[in-house]
Amino acid sequence: MMHINGETKIVGILGYPVTHSLSPLIHNAAFAALKLNWAYIPLPVNPEKINDVRKGLRTFNFAGANVTVPHKQAVMRQLDEIDPVAREIGAVNTIAVQNGALRGFNTDADGFLQALLEKGFEPKGARCLVLGAGGAARATVFSLAHAGAKRIAVFNRTVERAAFLVDDLRATFETVQFSCESLTPHSLDAANDSFDLVVNTTSLGMFPHVDTSPWHPDIPLPNATICDLVYTPIRTKFLQQAESQNLPAIDGTGMLIHQGARAFEIWTGHPAPVDVLRQTLLAALA
Ligand code: ATR
């Protein structure tokens, strides 16, 4: 049970809509577990009002916020300082308000890395295939490049978007072999057995479209670790394809937990109770 009083520090999630976000639930459970006098609330902000975010957070003395769709890029203009990782990714998912100054971070990339490492996948030297080229793909590709992947291929329905993503990061990570292709049965077939990791960053497979997958059902997956960022459902069609080939699978809950854990640490300065975040999330998704 949370006891809000005059000293409670407030954070929240800026997005539109935010009704389905699980972040309030997991962060409030973490605050309660550590007996921190903090509370996390939904902050639905209509895109038309995005320019009021700075004033709003400062006026109401917020300690910080998470940022989600569709504000991760637009919110950057409201900030006093942007962490180099967030600047390179081009998106902010966490804001900390310190002495009235708004500082922006991106914890998605580190969250993704932690999700891989906790499952025993080491991205250093790995050959990686990223499916999709949207916002989630950008944080994923940055994370893999930053961790020392040897090769990163980005396959996307709209190949121009993949090219844009790759061209942007090429200059920063000169040792990584980048490539991009159109996401078609032909390119998937050709990808067979030249990758150590395949990551789905598209929305394919997400509730209510649970029968869709980014990978064509008639084409075998490469002999790789298969990772899905989608976590509704936890066991996506894509991960079921991995299981049927006895391939190691990493579901989308790890990244959600670890991006939240990093944000929690930025705000509170305390190590996040990762097990509490995980148990709360899994109970909510069950
Ligand atoms: P996010 O921020 O969650 O990554 P996004 O930026 O809208 O969301 O990106 C969605 C990704 O899913 C894109 O790579 C998109 O492909 P396009 O760039 O071609 O739009 C991909 N995607 C969504 N629906 C898809 C579908 N039915 N088939 C293939 N790819 C799809």
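Residues numbered from 1 in each chain as written. Predicted model: local features only at pLDDT ≥ 70, side-chain atom pairs only at ≥ 80, totals over all residues. Heavy atoms only, no water.

What follows covers the site of the ligand. Close to the ligand lie Gly 132, Ala 133, Gly 134, Gly 135, Ala 136, Asn 156, Arg 157, Thr 158, Arg 161, Thr 202, Ser 203 and Leu 204. Ala 133 is positioned such that a nitrogen or oxygen atom in its backbone is 2.9 Å from an oxygen atom of the ligand. The contact in question runs from an oxygen atom of the ligand to an N or O atom on the side chain of Arg 157, over 2.9 Å. Within the shell around the ligand, the residues separate by chemical class into three nonpolar, seven polar and two charged. (Near = heavy atom within 4 Å. Polar contact = N/O pair within 3.5 Å; in protein donor to acceptor, adjacent residues only side chain to side chain. Nonpolar A, V, L, I, M, F, W, Y, C, P; charged D, E, K, R; others polar.)

Position of Thr 94 relative to the elements: it lies in strand β5 (residues 94–98). You can call Thr 94 buried: its relative accessible area is 0%. Contacts of Thr 94, omitting those with residues within four sequence positions, involve Ala 65, Asn 66, Val 67, Arg 103, Gly 104, Phe 105, Thr 107, Ala 263, Ile 266 and Trp 267. (Helix = DSSP H or I, 4+ residues; strand = E, 2+ residues; numbered from the N terminus. Buried < 20%, exposed > 50% of the residue type's maximum accessible area, 1.4 Å probe, protein only. Contact = heavy atoms within 4.5 Å.)

Looking now at the pairing of strand β1 (residues 9–15). For β1, the tally of buried residues reaches five of seven residues, placing the bulk of the element in the interior. Pairing geometry for β1 and strand β2 (residues 38–44), over seven bridges, is parallel. Counted as the bridge partner of Ile 10 is Ala 39 from β2. In the sheet, β1 pairs with strand β3 (residues 64–67) via four bridges, with the strands oriented parallel. Within β3, the residue paired with Val 11 across the bridge is Gly 64. (Pairing = 2+ DSSP bridges.)

In this section: the nonpolar core. In this structure, Leu 144, Ile 152 and Phe 178 are the most contacted members of the largest nonpolar core, which totals 33 residues. For this core, the elements supplying multiple residues, two or more each, are α4 (108–118), β7 (127–131), α5 (135–146), β8 (151–156), α6 (159–170) and β10 (197–200). Those residues in contact with Phe 178 that lie beyond four places of it in its chain are Val 141, Ala 145, Ile 152, Val 166, Leu 169, Arg 170 and Phe 173. (Core = buried A, V, L, I, M, F, W, Y, C linked by side-chain atoms within 4.5 Å.)

Quick look at the packing of helix α1 (residues 23–33) against helix α10 (residues 274–285) now. Taken N-terminus to C-terminus, the directions of α1 and α10 make an angle of 140°; their axes are 9 Å apart at the nearest point. The angle between α1 and α10 places the two elements in the oblique class. Of the two elements, α1 crosses α10, and the hand of that crossing is right-handed. Residues Leu 25, Ile 26, His 27, Ala 29, Ala 30 and Ala 33 of α1 form the contact with α10, whose own contacting residues are Val 276, Leu 277, Thr 280, Leu 281 and Ala 284. Split into classes, the residues belonging to the contact of α1 with α10 amount to nine nonpolar, two polar and no charged. (Axes fitted to C-alpha atoms, helices over the stretch in contact; angles between N-to-C directions. Parallel < 35°, antiparallel > 145°, perpendicular 65-115°, else oblique. Left-handed = near helix turned anticlockwise from the far one by under 90°.)

Right, let's get into unusual backbone geometry. Cis geometry marks the peptide bond from Tyr 16 to Pro 17; its omega dihedral reads 0°. Residue position: Pro 17 is located in the loop between β1 and α1. Backbone geometry at Asn 246 places phi at a positive 55°, although glycine is not the residue there.

Further remarks concern the sheet that holds strand β6 (residues 101–105). A sheet is described by the order of its strands in space; here six strands give the open sequence β2-β1-β3-β5-β6-β4, paired in mixed fashion. Looking along the sheet, the strands with just one partner apiece sit at the ends: β2 and β4 (81–82). Across the sheet, α1 lies against β1, β2 and β3, angled at about 170° from β2, the strand it touches most.

Quick look at the side chain of Ser 187 now. As for its position among the elements, Ser 187 is in helix α7 (residues 185–190). For Ser 187, a relative accessible area of 3% puts it in the buried group. Polar contacts involving the side chain of Ser 187 include one to the main-chain carbonyl oxygen of Ser 182, which spans 2.7 Å.

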